[in-house]
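As a plain string of letters, each chain reads:
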Amino acid sequence: MRARILIIKTILYISERITGFLFRVDQLLIHILPAALPPEQLTRLIRNHYDDSYKGLAARLPEAGYTWTLESWEQDVLARQKITSGTILVLGAGVGRESLALTQRGFFVVGLDINRESLCVASQQAAVNGLKPLFAQADFLAIPIGPVRVDYVFMSGIMYSSIPGRHRRQAWLKDLRPCLKEQGLVVLNFLIARELERRTHRLVHRLNRWLTTLPGANETYQLGDTCSQNHFLHAFVNEEEIRSELRDAGATVDHLSWNEGYAVVSWPS
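Residues numbered from 1 in each chain as written. Predicted model: local features only at pLDDT ≥ 70, side-chain atom pairs only at ≥ 80, totals over all residues. Heavy atoms only, no water.

Asker: Can you help me understand the layout of surface pockets in this one?
Answerer: Over the atoms, a rolled probe matching the size of one water molecule traces out where space is still vacant. There is about 740 Å³ of room inside the largest pocket. Surrounding the largest pocket, 36 residues form its lining, Tyr50, Tyr54, Gly92, Gly157 and Met159 being those nearest its centre. Secondary structure elements with two or more residues in the lining of the largest pocket: helix H2 (39-54), helix H4 (72-80), helix H5 (97-104), strand S2 (108-113) and strand S8 (231-236). Ranked by the residues each element gives to the lining of the largest pocket, the list is headed by H2, at 6 residues. (1 Å grid on protein atoms, 1.4 Å probe; cavity = no way out; pocket = protein on both sides within 12 Å on 5 of 7 lines; lining within 4 Å. Points joined across faces, edges and corners; volume = space filled by probe spheres on them. Helix = DSSP H or I, 4+ residues; strand = E, 2+ residues; numbered from the N terminus.)

Asker: Explain the pattern of salt bridges here, please?
Answerer: Note that side chains of opposite charge can pair when their charged atoms are close. If you walk through the whole model with that rule in mind, you get 12 salt bridges. Its salt-bridge partner being Lys55, residue Asp52 comes within 3.9 Å of it at the nearest N-O pair. Judged on exposure class, the residue Asp52 and its partner Lys55 are both exposed. Between Arg166 and Glu245 there is a salt bridge; the shortest N-O distance is 3.9 Å. Here Arg166 is found in helix H7 (residues 166-176), whereas its partner Glu245 is found in helix H9 (residues 239-248), with 79 residues between them in sequence. Taking relative accessible area as the criterion, Arg166 reaches 21% and is therefore assigned partly exposed. Salt bridges sharing partners connect three or more residues here, namely Glu71, Glu74, Arg97 and Glu98. (Salt bridge = Lys/Arg side-chain N within 4 Å of Asp/Glu carboxyl O. Buried < 20%, exposed > 50% of the residue type's maximum accessible area, 1.4 Å probe, protein only.)

Printed below as a string of C-alpha cells:
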C-alpha cells in the first residue's frame, strides 16, 4: 500500500513539473510573438480573437452578463469635455455597449465593427430598448470615409493599443482627421504597462530584440509589445510615451488620464 501511494505521489509530482514547464514554454512563445510575427499577422490575431469570442453570442447572451452602460471614465469624459449632443462614431462597437448608452443620452451614434455577429446582437438590443443607432460592418483600421463628418470618435476597450507599431498607430490617428468636424474630438483608451520591471519581462525583451534581426520578423517591435488572450497589444511604459506618440501624430492632447488609461485629442484648426 505504501509503495502504491509513493508511486502515485511521484507521478503527480512529475506531472505537475511537466505541466509547469509546458506553461512557462507557452508563456514564452506568447511573449515572443510580437517580435516574431510581422504587423499584418499580428493584426489578424486580434480579428481571429474577436471572431472566436463572438461566435454563438446571441444564443448565450443571457449568461454573458453584458451591460449597456458607460464606464465611469467615459462618463467623466462627457462631463469634462462638456459633450452633450452631436454625432459620435464608435469604433469597435462590439455588442453595442457604448453605442446604446450614448444613444440613450441623446447622441446620434454610428457604430462600426468588423464582426457581423456582434453587430446583430447590438441591433437586436437597440430594437428591444427602442433605440436607433446606426450600425455598420467595417474594419476600424480602414474606416470608410464619406462626405459626412462626425463630432466625436469614441474608441474604448484599449483598441488603440491593438495596432502594432508606433508609426502605424500614428498613421491611423492621422487618417481619423478627415472624419471629424473642425472642433471634433477623439476619445481613445490605451493599455498601461505595469509589469515591465520584472526580470522575466526584461529577458523576453532582450530575446525579442534579437528576433527582430531575423528575416520576416517584426521590425517595428518596441518595448511594451505583448500578446494577451492570443492577440497583440502594446502597453505604454510611461505617460510621456503616449503623449509624445499623440503629439508626433499632429494631434493636440486636450486631456490625458494616465491612471485610467485614456486620452482626449483634437487637431489644431
